[in-house]
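# Summary of structural features
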Amino acid sequence: MNETIQQALNEQLRLELTASHAYLAMAAWAEARNLSGCAHWMRAQSEEERGHALKIFDFIHDRDGQARLGALPEPGSSFGTVLEMFEAALEHERKVTASINRIYSLALQESDYPTQVLFQWYINEQVEEEKQLTQIIDQLRLVGAEGVGLYMIDRELAGRRPEGEPEGDEEE
Ligand code: OFO
């Protein structure tokens, strides 16, 4: 595999792990405030990001490269409000989206077809991730990020299922 592509993939691997780390820190913040639905949602998101990282990890090795694991930045551990926490998550996702788009352009430039195919999956995934976060942020703005509004949204976020499972079933 082309060295430029390998470097870009390793950078994306680091970004996905950074996201996983950041969302776990957000889960901790929410957990400490007894917002168990928000904590559950962020923890599931952290797991999902680890899955995204491992997909790249495997792809690098499938193509005879080597994944490099650098240091991760310390994630934020304090957020003024739940709304600010979700806004920080959306901001992070936008950076991830920009990076994925750059790698896709690079793969086009280098005529690296396998990377193009893999990154089409990531491009679609980012649309979904930004949509989910935008919806939560809009709901928080609508019903209020405090009191009963927050209580209701926290309950709703508690219903998030692991990736691939349908959402929305009643809790037992
Ligand atoms: Fe990996 O999708 Fe978010 O960052």
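Before reading further, recall that the structure is shown in the block above.
Read on for an overview of the structure. Source: prediction; values computed, not measured.

Time to look at the environment of Q139. The residue Q139 is located in helix 4 (residues 113-143) in this model. Residue Q139 is classed as partly exposed on the basis of its relative accessible area, which comes to 30%. For the pair Q139 and A98, spaced 41 residues apart in the sequence, the C-alpha separation amounts to 25 Å. Not counting the four nearest positions on each side in its chain, Q139 is found in contact with G144, I153 and E156.

Core analysis: the largest hydrophobic core is formed by 26 residues, its most contacted members being C38, M42, V82, M85, F86 and L140. For this core, the secondary structure elements donating two or more residues are helix 1 (3-32), helix 2 (36-62), helix 3 (82-109), helix 4 and helix 5 (147-157). Take this core: its biggest share by element is seven residues, from helix 1. The residues touching M85, leaving out its near neighbours within four places in the chain, are M26, W29, C38, M42 and F79. One finds L17, A53, F59 and F119 within the second-largest nonpolar core, a separate group that totals 19 residues.

Residues other than glycine seldom take positive phi values, yet N34 does so here, at roughly 60 degrees. In this fold, N34 is placed in the loop between helix 1 and helix 2.

Before going further, it helps to examine helix 2. Across its 27 residues, helix 2 extends 39 Å between first and last C-alpha, which sits within 8% of the 39 Å expected from 1.5 Å per residue. One or two steps after helix 2, the chain reaches D64, where phi turns positive at roughly 70 degrees.

Turning our attention to a nonpolar patch on the surface. Taken together, the side chains of V148, Y151 and M152 make up a nonpolar region of the molecular surface, amounting to roughly 350 Å² of accessible area. Structurally, V148 is set in helix 5. Among the residues examined, V148 registers a relative accessible area of 60% and is labelled exposed.

Each value, and the rule that gives it
- Residues numbered from 1 in each chain as written.
- Predicted model: local features only at pLDDT ≥ 70, side-chain atom pairs only at ≥ 80, totals over all residues.
- Heavy atoms only, no water.
- Helix = DSSP H or I, 4+ residues; strand = E, 2+ residues; numbered from the N terminus.
- Buried < 20%, exposed > 50% of the residue type's maximum accessible area, 1.4 Å probe, protein only.
- Contact = heavy atoms within 4.5 Å.
- Core = buried A, V, L, I, M, F, W, Y, C linked by side-chain atoms within 4.5 Å.
- Expected span 1.5 Å × (residues − 1).
- Patch = residues over 30% accessible without salt bridge, like charges linked within 9 Å, V, L, I, M, F, W, Y side chains within 5 Å.
- Areas by Shrake-Rupley, 256 points an atom, 1.4 Å probe, with all protein chains shown as cover.
- Salt bridge = Lys/Arg side-chain N within 4 Å of Asp/Glu carboxyl O.

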